[in-house]
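The lines below spell out each chain.
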Amino acid sequence: MTTLSVLDLSPVTEGSTAAQSLRNTLDLAQHAEKLGFHRYWLAEHHNMPGIASAATSVVIAHVAAGTSTIRVGAGGIMLPNHAPLVIAEQFGTLAALHPGRIDLGIGRAPGTDMLTARALRRNLEASVDNFPQDVVELMGYFEPATPEQRLRAVPGEGEHVEVWVLGSSLYGAQLAAMLGLPYAFASHFAPAELDHALEIYRTRFQPSERLAKPHAMLGVNIVAAETDHEAKLLFTSVQQAFVNLRSGRPGKLPAPVEGYERDLDPVARQMLAQTLSCAIVGSRDTVRSGLAAFIARTGADELMVTSQVFDHDARKRSYEILAEVHREMKGA
């Protein structure tokens, strides 16, 4: 049965603060651990009023220290924003503190606008074109150091950090296959190339010391509630957030709005239909059938579930319902 994991963007809701969002993140991680989710990942985004996980490795440390068994990691670190050695040291430190529990998903997008990317990198010449070499360099720092090695990641060398390639296009699929790494596809917001990317990754995969056969994890929006109507209402927060973002007005996660999609203009409605086509929203029966259909279609080894819900308790309840449905499906 497909494994379930959690992607948390540490949403900052309207009327709230980043501090409260980070407290909610730890609370949700502890809840997810009790429910049996496999991983808990946080994403790197910058200059986003509605996302509190910009300092991703710091938030991972916060979550890992407050949990004990669930794997914790980045989904992902945007490697062009960082020197590979710095990331190796950060995640080597995390692995030293929490052995066997740290994941490092890496992507090549900036995770922000170009003005912010320039502020992060200072030099945009060191761009996404260097991504494959940076990934190989980063992984090299996790290997045991040799006696003559002059440049070392301490902590980092010899630490077991599970490295993933993230992507929303065919590029990441090709790189993950070539390097023999697990692959995570961002179908929760960019599903257009999903099927083609999976085909490329699986057919071109080259076994490595890190991974013997392909392992694909897919992002999916799931909002579960007691009724379809309640779940659809909760989901309007995500819909508003995407419309605001695509309109150049990123902000905090909005409160639900009754009938929001009905009153949208056709262009915005079509954008949501495409962007969120992999979303599963509804009661437990709706979630069960949607989950079964998505797994059957994709053959996903793992699903990385994001549930951007305005009310924290309703968000926790969404993951509870999902976990219950998943257990029932495994039992069947």
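In every chain, residue numbers begin from 1 and rise along the written sequence. For this predicted model, a pLDDT threshold of at least 70 governs which residues receive local features, and a threshold of 80 or more governs which side-chain atom pairs are given and counted, while totals over whole chains, interfaces and linings are taken from all residues. Side-chain measures here rest on the full set of heavy atoms in the structure, leaving out hydrogens and waters.

Two aromatic rings from Phe, Tyr or Trp, using only the six-membered ring of Trp, form a pair when their centres are within 6.5 Å; if the ring planes differ by under 30 degrees the pair is stacked, by over 60 it is edge-to-face, and anything between is tilted. Inspection of every chain in the model, using the stated rule, returns five aromatic pairs. When the centroid spacing of 5.6 Å and the interplanar angle of 90 degrees are considered together, the rings of phenylalanine 37 and tyrosine 319 count as edge-to-face. Here phenylalanine 37 is found in the loop between helix 1 (18-35) and strand 2 (39-42), whereas its partner tyrosine 319 is found in helix 11 (residues 312-331), with 282 residues between them in sequence. Aromatic pair tyrosine 183 and tyrosine 201: ring centres 5.2 Å apart, planes at 40 degrees, arrangement tilted. In this pair, tyrosine 183 is assigned in strand 6 (residues 183-185) and tyrosine 201 in helix 7 (residues 194-204), connecting sequence segments 18 residues apart. Comparing tyrosine 183 with tyrosine 201 shows no difference in burial state: the two are buried. By way of ring pairs, the aromatic residues Tyr183, Phe185, Tyr201 and Phe205 are connected into one cluster. Each helix is a run of DSSP H or I of at least 4 residues and each strand a run of E of at least 2, with the numbering of both proceeding from the N terminus. Whether a residue is buried, partly exposed or exposed follows from its accessible area with a 1.4 Å probe, protein chains only, as a fraction of its type maximum: under 20%, in between, or over 50%, in that order.

This brings us to the environment of histidine 188. Mapped onto the elements of the fold, histidine 188 is located in the loop between strand 6 and helix 7. Between the C-alpha atom of histidine 188 and that of glycine 73, which follows or precedes it by 115 residues, the distance is 18 Å. With residues near it in sequence (within four places) discarded, histidine 188 still touches Leu7, Gly219, Val220, Asn221, Thr275, Leu276 and Thr306. Contacts are assigned to residue pairs with any non-hydrogen atoms lying within 4.5 Å of each other.

Let us look at unusual backbone geometry. Excluding glycine, residues mostly carry a negative phi; peptide bonds, for their part, are mostly trans. Cis geometry marks the peptide bond from glycine 75 to glycine 76; its omega dihedral reads 5 degrees. Although it is not a glycine, serine 10 adopts a positive phi angle of roughly 45 degrees. With respect to the helices and strands, serine 10 occurs in the loop between strand 1 (3-8) and helix 1. The backbone of asparagine 47 sits at a positive phi, close to 55 degrees, despite the residue not being glycine. With respect to the helices and strands, asparagine 47 occurs in the loop between strand 2 and helix 2 (56-65).

Put simply, buried Ala, Val, Leu, Ile, Met, Phe, Trp, Tyr and Cys residues joined by side-chain atoms within 4.5 Å make one nonpolar core. Core analysis: the largest hydrophobic core is formed by 72 residues, its most contacted members being Phe37, Phe91, Leu104 and Leu303. Non-local contacts of phenylalanine 37, meaning those with residues more than four positions away in its chain, are made with Leu4, Ser5, Val6, Ala32, Ile70, Tyr319, Leu322 and Ala323. Val223, Leu234, Leu264 and Leu276 belong to the second largest nonpolar core, which has 17 residues in total.

We now examine the packing of helix 7 against helix 10 (residues 284-298). Structural elements are reduced to axes, namely lines fitted to C-alpha atoms, with helices fitted over the stretch in contact, and the angle between N-to-C directions of any two is expressed from 0 to 180 degrees. Their axes nearest at 11 Å, the elements helix 7 and helix 10 cross at an angle of 45 degrees. With respect to each other, helix 7 and helix 10 are oriented oblique. Between helix 7 and helix 10, the contacting residues are Leu194, Asp195, Leu198 and Arg202 on the first element and Phe294, Arg297 and Thr298 on the second. Ten residues, namely Ala, Val, Leu, Ile, Met, Phe, Trp, Tyr, Cys and Pro, are considered nonpolar, four, namely Asp, Glu, Lys and Arg, are considered charged, and the remaining ones, Gly among them, are considered polar. Of the residues in the contact of helix 7 with helix 10, the class split is three nonpolar, one polar and three charged. By definition in this entry, angles of less than 35 degrees are roughly parallel, angles greater than 145 are roughly antiparallel, angles of 65 to 115 are roughly perpendicular, and the rest are oblique.

Nothing here speaks to function; it is all geometry.
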